[in-house]
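Architecture at a glance
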Amino acid sequence: MKNFKTILTVFLLIYFGVSNAQKVGVVDTQAILDKLPQYKEAEARLNSQIDTWQTDLQNLQAEYEKKRSAFENEKVLLIGDQLKLREKEVMDLDKNIKTTTSLRFGTNGEISKLRANLVQPFQDQIWNAIKTMSEKNGLGIVLDKSNDVNVIFLQKRFDYTDKVLDILLKGTTAKEKKN
């Protein structure tokens, strides 16, 4: 009788342990973003803005080099207030370049903010699609293999990227049909 209870207990533990195991799925959000046409359009607008800012910065840099070079050449001819005034112009232009670079291209610059504003709505859509897909497929854990998760091997049956993409594309085509 004692052996029967022990065997029954072990059997029940194994049964409930296996039945309560979490299913794991993997999604590649970067691949999803790359396949969304709205994201590509928004990214193209962002890249266009970045190119414009880089051109502006290059123009400022060229102007600075020109003024600095002229100042260095005329330095011996300038005296007193003229020397200080020209030196201040060159220094102010240098500060302007550094400030502009920091404000636009720095870690908390305008580009970082624009990129975050660009990606956030798409991340929300992807998150909702992942949630829907995981509920349909009974997944307890969903990993994103595009965000530094070292996936060494992945069987296709555990990759739910296409299912999430289908949910997203169905949502966008339904919205386009309404408009």
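Right above here is the structure, for reference.
These numbers were taken from a predicted model, which means no experiment stands behind them.

With that settled, consider helix H5 (residues 110-137). For H5, which comprises 28 residues, the first-to-last C-alpha distance of 40 Å matches the rise-based estimate of 40 Å (1.5 Å per residue) to within 8%. Taken as a whole, H5 carries its principal kink of about 30° at Gln 120; the proline Pro 121 stands between one and four residues after it. Where H5 terminates, the next one or two residues include Gly 138, which has phi positive at roughly 65°.

Turning our attention to the pattern of salt bridges. Any two side chains of opposite charge can pair, given that their charged atoms come close. Under the defined criterion, the tally for this structure stands at six salt bridges. Residues Arg 68 and Glu 65 are paired through a salt bridge, measuring 2.9 Å at the closest nitrogen-oxygen approach. Here Glu 65 and Arg 68 lie together in helix H3 (residues 37-74), a separation of three residues that amounts to about one turn. The exposure class of Arg 68 is partly exposed, given its relative accessible area of 32%. Residues Arg 104 and Glu 110 are paired through a salt bridge, measuring 4.0 Å at the closest nitrogen-oxygen approach. Judged by relative accessible area, which is 22%, Arg 104 ranks as partly exposed.

Turning to the nonpolar core, a few remarks are in order. By size, the foremost hydrophobic cluster in this structure holds 22 residues, and its most contacted members are Ile 32, Leu 36 and Val 164. Of all the secondary-structure elements, those providing two or more residues to this core are helix H2 (29-35), H3, H5 and helix H6 (161-178). Tallying contributions element by element places H5 first for this core, with eight residues. Here Ile 32 is in contact with Val 27, Ile 126, Thr 161, Val 164, Leu 165 and Leu 168, once residues within four sequence places are set aside. Residues Leu 60, Tyr 64, Val 90 and Leu 93 belong to the second largest nonpolar core, which totals eight residues.

Calculation notes
- Residues numbered from 1 in each chain as written.
- Predicted model: local features only at pLDDT ≥ 70, side-chain atom pairs only at ≥ 80, totals over all residues.
- Heavy atoms only, no water.
- Helix = DSSP H or I, 4+ residues; strand = E, 2+ residues; numbered from the N terminus.
- Expected span 1.5 Å × (residues − 1).
- Bend = angle between axes of the 7 residues up to and from the residue.
- Salt bridge = Lys/Arg side-chain N within 4 Å of Asp/Glu carboxyl O.
- Buried < 20%, exposed > 50% of the residue type's maximum accessible area, 1.4 Å probe, protein only.
- Core = buried A, V, L, I, M, F, W, Y, C linked by side-chain atoms within 4.5 Å.
- Contact = heavy atoms within 4.5 Å.

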